[in-house]
Every structure is written in structure tokens, then in C-alpha cells.
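Observations on the three-dimensional arrangement
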Amino acid sequence: MGSFSYLASSNLLESEARAALARIGRTFDPTAIANIEWVSASRSLGLEFERVLEIGYLRGADLWHVATALYIFDEPSEVTFLTLDRRQGEIAVALGFQT
């Protein structure tokens, strides 16, 4: 991730990273997320949820991440959405994000 000048996410990312590493018996390294700006919406993400679901179905946590990205960034085409999930990536591209 060193080639990105700005990293942002909801803090759901930390819980998912910790759970994934615990599942495979690895230790979480807090420095891996030290440069991320944590974003917490000041309102419901209902508009963003609807916009994403108009494109296609995503599970709750995946929906939350894409909706948060829409909340943060006015112009998705200028943003890279990082994901390892194929379906989440497809929806992000359909919304205009780079992957």
C-alpha cells in the first residue's frame, strides 16, 4: 500500500483483519493499519446502501465498506477501492471506483 498517498476506511476493516488473522493463527500487527484514516459517518448510510444495492447484492460487511467509500469520496473514478473479494470489486468498479 506504499504507493497510495491517502488511505481511508471504516474501522470495520480492523475487526475483519484481526478475525482473519486469528482464524489462520497469525498475530495482528497494528502498524499495518497505522496510516489509515478512520471514517465514521455522521449520518445513516442509507442513500449509499441503496446506490450500491441498485447495482447488485453484497453481504452486510461488504456493503458497509463500499457505502463508506461512497460517503467519503465524491468522485469514485479518482479513487482505488482495495479489496480481495471478487464480487465487492465488481460492484465497486460498476460504481466508478478503480480497483
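Look a little higher up for the structure.
Below or above, wherever it landed, is the structure these notes cover. Being a predicted model, the structure only gives us computed values, none of them experimental.

Some words on the packing of helix α2 (residues 46-55) against helix α3 (residues 60-72)
Axis separation between α2 and α3 bottoms out at 9 Å; the angle between their running directions is 115°. By crossing handedness, the relation of α2 to α3 is classed as right-handed. Across the interface between the two elements, Glu48, Phe49, Arg51, Val52 and Leu53 from α2 touch Leu63, Trp64, Val66, Ala67, Leu70 and Tyr71 from α3. In the contact of α2 with α3, the residues fall into nine nonpolar, no polar and two charged.

Thoughts on the nonpolar core
Counting residues in hydrophobic clusters, the biggest one holds twelve residues: Val52, Leu58, Leu63, Val66, Ala69, Leu70, Val79, Phe81, Ile91, Ala92, Leu95 and Phe97. Of all the secondary-structure elements, those providing two or more residues to this core are α3 and α4 (86-94). With four residues, α3 is the largest single contributor of residues to this core.

With respect to α4
Those residues of α4 that fall on the buried side of the exposure criterion are Gln88, Gly89, Ile91 and Ala92. Take α4 and look down its axis: the buried residues cluster within an arc of 165°, on one side only. Residues of α4 that are buried sit in contact with α2 and α3. Between the side-chain oxygen at the start of α4 and the backbone nitrogen of Arg87 there is a gap of 3.3 Å, and the oxygen is on Asp85. In the stretch just after α4, Gly96 is the one whose phi turns positive, near 110°.

Some points on the pattern of salt bridges
Counted under the stated rule, the structure contains six salt bridges. The partner of Arg86 in a salt bridge is Glu90, with the nearest N and O atoms 2.6 Å apart. Of the two residues, Arg86 and Glu90 both sit in helix α4, four residues apart, roughly one turn of that helix. Given the relative accessible area of 60%, Arg86 is considered exposed. We classify Glu90 as partly exposed; its relative accessible area is 36%. Taken together, the shared-partner salt bridges in this structure form one network comprising Arg59, Asp62 and Asp85.

The rules behind the values
- Residues numbered from 1 in each chain as written.
- Predicted model: local features only at pLDDT ≥ 70, side-chain atom pairs only at ≥ 80, totals over all residues.
- Heavy atoms only, no water.
- Axes fitted to C-alpha atoms, helices over the stretch in contact; angles between N-to-C directions.
- Helix = DSSP H or I, 4+ residues; strand = E, 2+ residues; numbered from the N terminus.
- Left-handed = near helix turned anticlockwise from the far one by under 90°.
- Contact = heavy atoms within 4.5 Å.
- Nonpolar A, V, L, I, M, F, W, Y, C, P; charged D, E, K, R; others polar.
- Core = buried A, V, L, I, M, F, W, Y, C linked by side-chain atoms within 4.5 Å.
- Buried < 20%, exposed > 50% of the residue type's maximum accessible area, 1.4 Å probe, protein only.
- Arc of directions from axis to C-beta.
- Polar contact = N/O pair within 3.5 Å; in protein donor to acceptor, adjacent residues only side chain to side chain.
- Salt bridge = Lys/Arg side-chain N within 4 Å of Asp/Glu carboxyl O.

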